[in-house]
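What follows is the residue order along each chain.
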Protein chains: 2
Amino acid sequence: MIGNLNHIAIAVPDLAAATAKYRDQLGAAVSEPQELPEHGVTVVFVKLPNTKVELLHPLGENSPIAAFLKKNPSGGMHHMCFEVEDIRAAAQKLSDEGARVLGDGEPKIGAHGLPVLFLHPKDFDGTLIELEEVKK
Amino acid sequence: MIGNLNHIAIAVPDLAAATAKYRDQLGAAVSEPQELPEHGVTVVFVKLPNTKVELLHPLGENSPIAAFLKKNPSGGMHHMCFEVEDIRAAAQKLSDEGARVLGDGEPKIGAHGLPVLFLHPKDFDGTLIELEEVKK
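All values reported here derive from a predicted model rather than from experimental measurement. Throughout this document, residue positions are counted from 1 along each chain, in the order its sequence is written. Chain labels run from A onward and ligand labels from 1 onward, assigned in the order the entries are written. Residue-level local features of this predicted model are given only where pLDDT is at least 70; pairs of side-chain atoms are given and counted only at 80 or more, and the full residue set underlies all totals for whole chains, interfaces and linings. Hydrogens and water molecules were not included; the side-chain quantities draw on all heavy atoms of the structure.

S.K.: Could you give me a rundown of the pattern of salt bridges, with the residues and numbers involved?
M.R.: All names here are of chain A. Salt-bridge detection follows one rule: a side-chain nitrogen of Lys or Arg within 4 Å of a carboxyl oxygen of Asp or Glu. Overall, the coordinates contain 14 salt bridges over all chains when judged by the stated rule. Of the charged contacts in the structure, one is a salt bridge between Asp123 and Arg100, with a shortest N-O distance of 2.9 Å. Separated by 23 residues along the polypeptide, Asp123 in the loop between β8 (115-119) and β9 (129-133) and Arg100 in the loop between α3 (87-96) and β7 (108-109) bring together distant segments of the chain. Exposure categories follow from relative accessible area, calculated using a 1.4 Å probe and restricted to protein chains: below 20% of the type maximum is buried, above 50% is exposed, and the middle band is partly exposed. Judged by relative accessible area, Arg100 falls into the partly exposed class, the value being 41%. Each helix is a run of DSSP H or I of at least 4 residues and each strand a run of E of at least 2, with the numbering of both proceeding from the N terminus.

What follows is the structure in structure tokens.
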């Protein structure tokens, strides 16, 4: 069911500093920061040949990553995102198998403009998993 | 400098249960468990089209992930691994730029039989980064 790893998301306390480290120390191609107010984050994309790392920093009040950074002030790996071809079928299969979809179970439009869902980290070894519908 | 994301490693408290979830709930191809006593882990590879997830469980005493699981009993994302073409050149560049290589700074032979190094998580936003030398 799951296809490509679309991205790994890292919550960072200082977006400019984190971007500089990935660019200058690790020698990766990085994007300009993009503010996504409807998602409560500013994001920088670190482009790898086979996938990407997303550096996330809280934007505005009620950012979904503010609590994570409060608990982990140095930052840390926040979630990983797998692509699926049919997100409603994926959600149904997961529910049937006993995994919990966060929220009301309905896909939302995510940061890339595509439907996404998150799975309960307690059902996947403490790992927050995002599913994103990417049509082939 | 960094190339492909080689893998994301997840420390899991129950390897058989975690493997079943990735196989049955997420529908991914998974390997048989492989014991790597010299690295203190048993690993299951979750094969994605563009990269892999590695499920790690402690093996023997002094496992490098035992402390992580003690602190995070449910498991969690442990590290991510980027490929580099020349690991000694990478280590030199990182040291020159002020990043800390863990241990004595010398590459060790990692779980895939290739030279690896780990970078200090405090230098990368609370994220443990492994570099693995993969010749193209």
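S.K.: How would you sum up the environment of Glu106 of chain A? Please name residues and give values.
M.R.: Residues and elements named next belong to chain A. One can find Glu106 in the loop between α3 and β7. Judged by its relative accessible area of 39%, Glu106 falls in the partly exposed class. Taking the C-alpha atoms as reference points, Glu106 and Gln34, 72 residues apart in sequence, are found 26 Å from one another. Not counting residues up to four positions away in its chain, the partners in contact with Glu106 are Arg88 and Leu117. In protein, a polar contact means a hydrogen-donor-capable atom and an acceptor-capable atom, both N or O and within 3.5 Å, with residues adjacent in sequence counting only if both atoms are side-chain atoms; elsewhere, any N or O pair within 3.5 Å suffices. Within the structure, the side chain of Glu106 is placed 3.1 Å from the side chain of Arg88, a separation counted as a polar contact. Only heavy atoms enter the contact rule, under which two residues are in contact if any of them lie within 4.5 Å.

S.K.: How would you summarise the relation of the copies chain A and chain B if you had to cite specific residues and measurements?
M.R.: If you rotate chain A by 180° and push it 0.0 Å along the axis, it lands on chain B with an RMSD of 0.0 Å. Considering both components of the superposition, the chain copies are consistent with a two-fold axis. Identified as the residue of chain A closest to the rotation axis by C-alpha distance is Asn50 of chain A, at 3.0 Å. Residue by residue, 100% of the interface of chain A is reproduced at the interface of chain B, so both copies engage with the same surface. Fitting of the copies onto one another was done by least squares over C-alpha atoms, counting residues only where both copies have pLDDT of at least 70.

S.K.: Before we move on, could you go through the nonpolar core and cite the residues and values that matter?
M.R.: Proteins that are soluble and globular tend to have nonpolar side chains buried together. Only buried residues count toward a nonpolar core. Its members are Ala, Val, Leu, Ile, Met, Phe, Trp, Tyr and Cys residues joined through side-chain atoms within 4.5 Å. By size, the foremost hydrophobic cluster in this structure holds 61 residues, and its most contacted members are Phe82 and Leu131 of chain A together with Tyr22, Phe82 and Leu131 of chain B. Setting aside residues no more than four positions away along its own chain, Phe82 of chain B makes contact with Tyr22, Leu26, Leu48 and Val53 of chain A together with Ile2, Asn4, Leu5, Asn6, Ile129, Glu130, Leu131 and Glu132 of chain B.

S.K.: An account of the packing of aromatic side chains is requested, with residue identities and associated values reported.
M.R.: When the centres of two rings from Phe, Tyr and Trp lie within 6.5 Å, Trp using its six-membered ring, the rings pair. Their planes under 30 degrees apart give stacked, over 60 give edge-to-face, and anything left gives tilted. A complete count under the given rule lists two aromatic pairs over all chains for this structure. Summarising the aromatic geometry, the rings of Tyr22 of chain A and Phe124 of chain B are spaced 6.2 Å apart at their centres and angled 80° between planes, so their arrangement reads as edge-to-face. With Tyr22 of chain A in helix α1 (residues 15-25) and Phe124 of chain B in the loop between β8 (115-119) and β9 (129-133), this pair bridges two chains. Phe124 of chain B shares its class with Tyr22 of chain A; the two are buried. Charge over a ring is defined by NZ of Lys or CZ of Arg lying within 6 Å of the ring centre and within 35 degrees of the ring normal. Over the face of the ring belonging to Phe124 of chain A we find Lys21 of chain B, whose NZ or CZ atom lies 6.0 Å from the ring centre.

S.K.: Residue-level account of the environment of Leu117 of chain B, with values.
M.R.: Its location among the elements puts Leu117 of chain B in strand β8. With sequence-adjacent residues up to four places away left out, Leu117 of chain B is seen in contact with Ile87, Ala91, Val101, Gly105, Glu106, Pro107, Ile129, Glu130 and Leu131 of chain B.

S.K.: Give me the lowdown on the pairing of strand β6 (residues 76-84) of chain B, citing residues and values where you can.
M.R.: All names here are of chain B. Burial runs high along β6: nine of the nine residues are buried. Summarising the sheet, strand β1 (residues 5-11) and β6 pair through six bridges and their orientation is antiparallel. Looking across to β6, one finds that Leu5 is bridged to Phe82. A pair of strands is considered paired only if DSSP assigns at least 2 bridges between the two. Pairing of β6 with β9, which is carried by five bridges, proceeds in the parallel orientation. For Val84, the partnering residue across the bridge sits in β9 and is Glu133.

S.K.: Go over unusual backbone geometry, please, and point to the residues and values.
M.R.: The backbone of Asn62 of chain A sits at a positive phi, close to 60°, despite the residue not being glycine. In this structure, Asn62 of chain A sits in the loop between β5 (52-58) and α2 (66-71). With relative accessibility at 76%, the residue Asn62 of chain A sits in the exposed group. The backbone of Asp125 of chain B sits at a positive phi, close to 55°, despite the residue not being glycine. Within the secondary structure, Asp125 of chain B is located in the loop between β8 and β9.

Distances and angles like these do not, on their own, reveal function.
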